[in-house]
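# Descriptive structure summary
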Amino acid sequence: MNRRTLILSGAATLVLPALPALAAPLEYTPGLTKERLDAGETVFLDFKADWCGTCRAQERVLTELKKQNGAYEQNITFINVDWDTYGKSVMADRLKIPRRSTLVALKGNKEIGRVIADTSERGIKKLMDAALAAATSA
């Protein structure tokens, strides 16, 4: 190993741990949302399907917003809900989820807000900011 490679690899090991790692959202299973809400967490549900273009566009925005502000992932529990499996579930029915590409933020037994089929950064950020405010309020 030459000196330059050694120096660069050493520098990389110092820098990489400092980069925030994006935590993967939890995958929904029955009871998970209630469990997390009962624990006092703020929950952000993403009703999505892997074949849905709108869902993929929302995911890109969510990922970018999380990169820009680490407080989202530090304070909000993100849960992906597979539409094909749970779109007709009791939970989806109780929350009156009309379609895939629906994002819902919850705290306790209250809905903070929702976004339906909106892929704009402004709209999704507004919902995430509301969830963050709920998560960090006393």
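The structure under discussion appears in the preceding block.
As the structure is a prediction and not an experimental result, all values here were calculated from the model. (Residues numbered from 1 in each chain as written. Predicted model: local features only at pLDDT ≥ 70, side-chain atom pairs only at ≥ 80, totals over all residues. Heavy atoms only, no water.)

## Here's the deal with the environment of Leu-127
Our working definition: Under the DSSP-based scheme used, a helix requires at least four consecutive residues in state H or I and a strand at least two consecutive residues in state E, with every element numbered from the N terminus. Only protein chains enter the accessibility calculation, which uses a 1.4 Å probe; a residue whose area is less than 20% of its type maximum is buried, one above 50% is exposed, and one in between is partly exposed. Throughout, a contact is declared for two residues whenever any of their heavy atoms are within 4.5 Å.
When you line up the elements, Leu-127 lands in helix α7 (residues 121-136). The class for Leu-127 is buried, based on a relative accessible area of 5%. The spatial distance from the C-alpha of Leu-127 to the C-alpha of Ala-105 is 7.2 Å, given a sequence separation of 22 residues. Among all residues touching Leu-127, those that are not within four sequence positions of it are Phe-44, Leu-103, Val-104, Ala-105, Gly-113, Arg-114 and Val-115.

## Observations concerning the pattern of salt bridges
Formally: Counted as salt bridges are all cases of a side-chain nitrogen of Lys or Arg within 4 Å of a carboxyl oxygen of Asp or Glu.
In total, this model carries seven salt bridges according to the counting rule given. The partner of Arg-36 in a salt bridge is Glu-35, and the shortest N-O contact between them spans 3.9 Å. Judged by relative accessible area, which is 23%, Arg-36 ranks as partly exposed. A relative accessible area of 48% means that Glu-35 is categorised as partly exposed. Among the salt bridges present, the one from Asp-129 reaches Lys-125, with a minimum N-O distance of 2.7 Å. You can see Asp-129 and its partner Lys-125 sitting in helix α7, four residues apart, about one turn around the helix. Its relative accessible area of 29% is what places Asp-129 among the partly exposed residues. One network of salt bridges, with partners in common, ties together Glu-35, Arg-36 and Glu-41.

## A short note on the nonpolar core
Just so we agree on the cut-off: We define the nonpolar core as a collection of buried residues of types Ala, Val, Leu, Ile, Met, Phe, Trp, Tyr and Cys that are connected through side-chain atoms lying within 4.5 Å of one another.
Within the largest apolar cluster, 19 residues are counted, with the highest numbers of intra-cluster contacts made by Leu-45, Phe-47, Ile-79, Val-81, Met-91, Leu-95 and Ile-97. Taken together, the elements giving at least two residues each to this core come down to α2 (32-38), β2 (42-48), β3 (76-82), α5 (83-86), α6 (90-94) and β4 (102-107). Per-element tally for this core: the top contributor is β2, with three residues. Residues contacting Ile-97, with those up to four places away along its chain left out, are Phe-47, Trp-83, Ala-92, Thr-102, Val-104 and Arg-114.

## Comments concerning the side chain of Thr-77
This is how the line gets drawn: N or O atoms within 3.5 Å of each other form a polar contact, as long as, within protein, one can give a hydrogen and the other can take it, and as long as residues adjacent in sequence are counted only when both atoms are side-chain atoms.
Mapped onto the elements, Thr-77 comes out in strand β3. Under the relative-accessibility criterion, Thr-77 is labelled buried at 12%. Looking at Thr-77, its side chain comes within polar contact range of the side chain of Glu-41, at 2.4 Å. Those residues in contact with Thr-77 that lie beyond four places of it in its chain are Leu-26, Arg-36, Glu-41, Thr-42, Val-43 and Phe-44.

## Section: the pairing of β3
What counts here: Strands qualify as paired when DSSP identifies two bridges or more between them.
Within β3, six of the seven residues are buried, which leaves it mostly tucked inside the rest of the structure. Judged from the two bridges that link them, strand β1 (residues 26-27) and β3 form a sheet pairing that is parallel. Counted as the bridge partner of Glu-27 is Asn-80 from β3. The sheet contact formed by β2 and β3 spans seven bridges and is parallel. In the sheet register, Val-43 faces β3, and the bridge partner there is Thr-77.

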